[in-house]
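Architecture at a glance
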Amino acid sequence: MIRGIKFISIPVRDQDQALKFYTDALGFKVATDQPFNETQRWIELLIPGSETGLALFTPPGHESRIGDFQSISFWCDDVFATAKVLAQKGVVFEQEPRNEQWGSSAIFRDSEGNKFVLSSRGKPK
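A brief structural summary. (Residues numbered from 1 in each chain as written. Predicted model: local features only at pLDDT ≥ 70, side-chain atom pairs only at ≥ 80, totals over all residues. Heavy atoms only, no water.)

Glancing now at the overall build of the chain. Scanning the chain from N- to C-terminus turns up 2 helices and 8 strands. Moving toward the C terminus, one meets the helices and strands of the chain in the order β-α-β-β-β-β-α-β-β-β. Against the 2.2 N^0.38 benchmark of 14 Å for 125 residues, the chain shows a C-alpha radius of gyration of 15 Å, consistent with a compact globule. For the chain, buried positions account for 38% of its 125 residues. (Helix = DSSP H or I, 4+ residues; strand = E, 2+ residues; numbered from the N terminus. Rg over C-alpha atoms; globule rule 2.2 N^0.38 Å. Buried < 20%, exposed > 50% of the residue type's maximum accessible area, 1.4 Å probe, protein only.)

Turning to helix 1 (residues 15-25), its buried residues are Gln15, Ala18, Leu19, Phe21, Tyr22 and Ala25. The opening residue of helix 1 is Asp14, an N-cap whose side-chain oxygen sits 3.2 Å from the backbone nitrogen of Asp16. The positive-phi residue at the C-terminal boundary of helix 1 is Gly27, with phi of around 80°. (Polar contact = N/O pair within 3.5 Å; in protein donor to acceptor, adjacent residues only side chain to side chain.)

The next point concerns the sheet that holds strand 6 (residues 92-99). Within a sheet, adjacent strands bond to each other through the backbone by hydrogen bonds, running parallel or antiparallel. Sheet architecture is open: 4 strands sit in the order 5-8-7-6, paired in mixed fashion. Since the sheet does not close on itself, it has two edges, and those belong to strand 5 (69-75) and strand 6, each with one partner. Direction aside, neighbouring strands of the sheet carry axes that sit 15° apart on average. Direction of pairing for strand 5 relative to strand 8 (residues 115-119): parallel, over a ladder of 4 bridges. What sits directly across from Phe69, in strand 8, is Lys115. (Pairing = 2+ DSSP bridges. Axes fitted to C-alpha atoms, helices over the stretch in contact; angles between N-to-C directions.)

This paragraph deals with the sheet that holds strand 3 (residues 41-46). The mixed open sheet is built from 4 strands, whose spatial order is 1-4-3-2. Strand pairing shows two members of the sheet lacking a second neighbour, strand 1 (7-10) and strand 2 (29-35), which therefore form its edges. The sheet shows a mean angle of 20° between the axes of neighbouring strands, direction not considered. As paired elements, strand 1 and strand 4 (residues 53-56) share 4 bridges and run parallel to each other. When the bridges of strand 4 are listed, Ile8 appears paired with Leu54. This element, helix 1, spans strand 1, strand 2, strand 3 and strand 4 of the sheet and lies at about 5° to strand 3. (Contact = heavy atoms within 4.5 Å.)

Dropping the structure here:
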């Protein structure tokens, strides 16, 4: 039976720039960085404290997904505090943090223009 998600793939055009963003700005750790084919490397990152990783990789034919809204939501304990720290590291927010009925959220962009939700895991206290 399925036991979880091993990794998700984030489409990127410039793997070096994306790797710098995800490690320096977001604090992710490199699990694998090795040649994949003539044009890309297989770069797999780990989110500290999480079982799910992510790959900075664009499957052939999926280049149009780069710079679009991604169906990925990252969570943190405090969206407002995390957004403040990330903004100080140069992360651009499309939507500033706000409280919702279900919790809090913000939307940020990576170095490739991909947009992601940053959310809490529950209602604000």
